Amino acid sequence: MNLSSNIKSIQDIMRKDDGVDGDAQRLGQLTWMLFLKVFDQREEEWEADDIKYLSPIPERFRWRNWAKLSLDSTSKKKMQTVGNELISFVNSELFPALKYQIDASQSPQHKVIKQVFEDANNYMKSGLQMLAVIEKLEGAINFHDFKTRASLGDVYEQLLNDLRGAGNAGEFYTPRAITAFMVDRVDPRLDKLEAVMDPACGTGGFLTAAIDHFRNQLTTKSSAEDKRAIEKLIRGIEKKQLPHLLCTTNMLLHGIDVPSQIEHFNTLGKSWEEWSAHDKVDCIITNPPFGGYEDDGAGSDYPDELRTRETADMFMALIIQKLLKNNGRAAVVLPDGFLFGNGIKNVLKELLLRNCKLHTVIRLPKGVFAPYTTIKTNLLFFNRHPIADDGGDHFHTETIWFYEHPYPAGYKSYSKTKPIRLEEFKPEQEWWGTEVNDFADRVENEFAWKVDFKEKRETAESSASPHWQRSKELNNEAAKLEEEANYLRKSLAGASNAAYREKVNAQTAELRVKVEQLRMQARDAQSVGDGIYWPIFNLDIKNPNAPEEVIYDPDLLLEKYKKLLSEIEETENQLKSELAVALAHHFVSEKA
């Protein structure tokens, strides 16, 4: 029986166990057992290389001392622990030891074991079923065998792919075609020792793609130090226990001996000021969770203008401001909602286009992440640039290229059985060009188009500036009247003449009315200017080169209808604001 069949057989055994409920729990159960098995065999290699090696796992709880099949007097393989004792041993001894008796500060290996098991669970209730699983693992997996080691990574990838249909667990998995394409385009360089981070690493898809990308850069002249350097260049952070366990095991299976740089904590729960220059990396490649919200308190110390609890927005703020080095490169998966969103999303896009060069947006069709979600997504590629310290308002983004990724011939959507494939991205790769000449070789076609953001911004700023200036002038005028009112109020101190007090109070009341009128006019003028300026950050730009599509899908028709209503409402509000400013100015002039 081949490795893949053995793994499926293990899953079938677990289905018979009353304690294991659903694909996500089966995968979690299999993974912690697989982790201990593979880690134990790696330790055999480390012990052979270093006679002073000490395991981070207490001797009694190493796989070899409770799970590994031993030989009896007749050389037959037998279990070390009988079935009716096994579950009690795992729950009462093994897990408490690995959760609470490991000091993470002793070594990177100790840290890995501690983080893997601190929130792990044993779901199995049947000792006999667990023994059957152990027997299968022992018979199927010999990590010392090169062929097994190579194929185990592929089998594990298929197991992770199964997460796509495992309820909410699907959020932790990004299709491998997407991870490989994004890593290929960001192109982290081993010769420059460019570190790669995924701050929401899930099961580690982007990181394993980066490992493969680094290894493809090795040559016959590469040294052992070059190979060891890869381990130090991979960094990941994952909040939840199951994906962290899956990612750590994934790293182990992909040759990262001590995946201690796969951290187990909430990236968004870390204080804004705790992030330092030491945390910044050369390349960030990630698919942050979107559509969810962090708990109260998370992000409470973010700068006021960036304060939000929406997860994808918080990650974008961190990536731009705290995680990406100057001249660093990033690729991020984001939903359409980020492209057309207002409010904090506009502030983030302004920050992105000012501090970074957003050079490419790949627009993906629906279904890429099905069945977990059918939301349309985009791949944003950008570079971080130093902020000019000359007082000017510089934007590093001038031209944005868009590429609409089409379905393959005969496809109307993607699915778990018909996923997106890496070879589909060949047209994008051939069209891509190079940053060295600022993508000068790119040409527009039926899928690709460019937007002159610099021209849009300068035109909008030119049109909005008179309104903003008018708002500033009105606020200044209001401030002067407030000072005059304050002076009058202070003049009443100690004044006992009733007529004088009545006169001053009347003057003060009149000034307050004028101030309120001026403030209202200032707000209206500001609103008109904002209504002209902020729409330029709507990046939900449709392909102007595509033929007009006849839509029959009712969901798409409803979506299009809602968007038209939104655009009509936005136009109406802008006209109302401009009319209000004009009328207010007219009436104030008449009164004057």
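About the thresholds
- In this numbering scheme, every chain counts its residues from 1 along its sequence in written order.
- Per-residue local features of the predicted model are confined to residues with pLDDT of at least 70, and side-chain atom pairs are confined, for both listing and counting, to 80 or more; whole-chain, interface and lining totals are unaffected and use all residues.
- Neither water nor hydrogens contribute to the side-chain values; these are computed over all heavy atoms in the structure.
- In this description a helix means any DSSP run of H or I spanning at least four residues, a strand means any run of E spanning at least two, and both kinds are numbered starting from the N terminus.
- Summary of the burial criterion: residues with accessible area below 20% of their type's maximum are buried, those above 50% are exposed, and those between are partly exposed, where the area comes from a 1.4 Å probe applied to protein chains only.
- Buried Ala, Val, Leu, Ile, Met, Phe, Trp, Tyr and Cys residues form a nonpolar core when they are joined through side-chain atoms within 4.5 Å.
- Residue contacts are defined here by distance: any two heavy atoms, one from each residue, within 4.5 Å place the two residues in contact.
- Any carboxyl oxygen of Asp or Glu that lies within 4 Å of a side-chain nitrogen of Lys or Arg is treated as forming a salt bridge with it.
- Strands qualify as paired when DSSP identifies two bridges or more between them.
- Every axis corresponds to a line fitted to the C-alpha atoms, with the helix fit spanning only the stretch in contact, and the corresponding angles, defined between N-to-C directions, vary from 0 to 180 degrees.
- Comment on the angle field: the value is read as roughly parallel under 35 degrees, roughly antiparallel over 145, roughly perpendicular from 65 to 115, and oblique elsewhere.
- By convention the crossing between two helices is left-handed if the near helix lies anticlockwise of the far one by an angle smaller than a right angle, and right-handed if it lies clockwise.
- Here the term charged refers only to Asp, Glu, Lys and Arg, the term nonpolar to Ala, Val, Leu, Ile, Met, Phe, Trp, Tyr, Cys and Pro, and the term polar to all other amino acids, Gly among them.
- Any two of the Phe, Tyr and Trp rings considered here, Trp counted by its six-membered ring, make a pair once their centres fall within 6.5 Å; the pair's planes then place it as stacked at under 30 degrees, edge-to-face at over 60, or tilted in between.
- A ring is considered to have a charge above it if a Lys NZ or an Arg CZ atom is located within 6 Å of its centre and within 35 degrees of its normal.
- Patch definition: residues above 30% relative accessible area lacking any salt bridge, with like charges linked at up to 9 Å and the nonpolar side chains Val, Leu, Ile, Met, Phe, Trp and Tyr linked at up to 5 Å.
- Surface accessibility follows the Shrake-Rupley procedure with a 1.4 Å probe radius. Residue values consider only the protein chains on display as shielding.

A. Summary view of unusual backbone geometry. Residues other than glycine seldom take positive phi values, yet Leu 193 does so here, at roughly 50°. For Leu 193, the location among the structural elements is in the loop between α7 (176-186) and β3 (196-198). Positioned with a positive phi, Asn 327 is a non-glycine residue whose angle comes to about 70°. With respect to the secondary-structure elements, Asn 327 resides in strand β7 (residues 324-335). With a relative accessible area of 53%, Asn 327 lands in the exposed category.

B. Local environment of the nonpolar core. In terms of nonpolar packing, the biggest core is built from 94 residues, with Met 182 and Phe 382 touching the most fellow members. Residue contributions to this core peak at 9 residues, all from helix α11 (residues 311-323). Once residues lying within four places of it in the same chain are set aside, the contact partners of Met 182 are Phe 206, Ile 285, Thr 286, Ala 331, Val 332, Val 333, Leu 379 and Phe 381. With 54 residues, the next largest nonpolar core counts Leu 27, Leu 94, Phe 95 and Met 130 among its residues.

C. Highlighting the pattern of salt bridges. Under the criterion given, the structure shown has 33 salt bridges. One salt bridge in this structure joins Arg 62 and Glu 43, with 3.3 Å as the shortest N-O distance. Residue Arg 62 is found in the loop between α2 (22-49) and β1 (70-71), and its partner Glu 43 is found in helix α2; the two are separated by 19 residues along the sequence. The partner of Arg 189 in a salt bridge is Asp 187, with the nearest N and O atoms 3.2 Å apart.

D. Layout of the sheet that holds strand β9 (residues 377-384). Taken together, the 9 strands give an open sheet; going across it, the order is β5-β4-β3-β6-β7-β9-β8-β10-β11, and neighbouring strands pair in mixed fashion. Edge positions in the sheet fall to β5 (262-264) and β11 (448-452), since each of these pairs with one other strand and no more. On average, adjacent strands in this sheet sit at an angle of 15° to one another, irrespective of strand direction. Judged from the 3 bridges that link them, β3 and strand β4 (residues 234-238) form a sheet pairing that is parallel. Looking across to β4, one finds that Asp 198 is bridged to Gly 236. Sheet contacts for helix α8 (residues 205-215): β3, β4, β5, β6 (281-286) and β7; angle to β4, the most-contacted strand, approximately 175°.

E. Molecular detail of the packing of α8 against helix α10 (residues 241-253). Two elements in contact, α8 and α10, have axes separated by 10 Å at closest approach and are oriented at 15°. By the angle class used here, α8 and α10 are roughly parallel. Of the two elements, α8 crosses α10, and the hand of that crossing is right-handed. Taken together, the residues of α10 that come into contact with α8 (itself represented by Leu 207, Thr 208 and Ile 211) are Cys 247, Asn 250 and Met 251. A breakdown of the residues in the contact of α8 with α10 according to their chemical character gives 4 nonpolar, 2 polar and no charged.

F. The arrangement of the environment of Lys 480 in detail. By the secondary structure assignment, Lys 480 is in helix α15 (residues 453-491). Between the C-alpha atoms of Lys 480 and Pro 466, which are 14 residues apart in sequence, the distance is 21 Å.

G. Up close: the packing of aromatic side chains. Scanning the entire structure with this criterion turns up 29 aromatic pairs. Judged by centre distance (5.3 Å) and plane angle (75°), the rings of Trp 468 and Tyr 533 are edge-to-face. Residue Trp 468 is located in helix α15, and its partner Tyr 533 is located in helix α16 (residues 498-533); the two are separated by 65 residues in the primary sequence. Given a relative accessible area of 5%, Tyr 533 falls into the buried group. Taken together, the ring pairs connect Phe 181, Phe 381, Trp 401, Tyr 403, Phe 425, Trp 431, Trp 432, Phe 439 and Phe 447 into an aromatic cluster. Between the NZ or CZ atom of Lys 270 and the centre of the ring of Trp 275, over which it lies, the distance is 4.0 Å. Taking NZ or CZ as reference, Arg 442 lies 4.9 Å from the ring centre of Trp 432, over its face.

H. Quick look at a nonpolar patch on the surface. A contiguous nonpolar surface patch, about 390 Å² in accessible area, is contributed by Leu 558, Tyr 561, Leu 565 and Ile 568. As for its position among the elements, Tyr 561 is in helix α17 (residues 554-591). We classify Tyr 561 as partly exposed; its relative accessible area is 48%.

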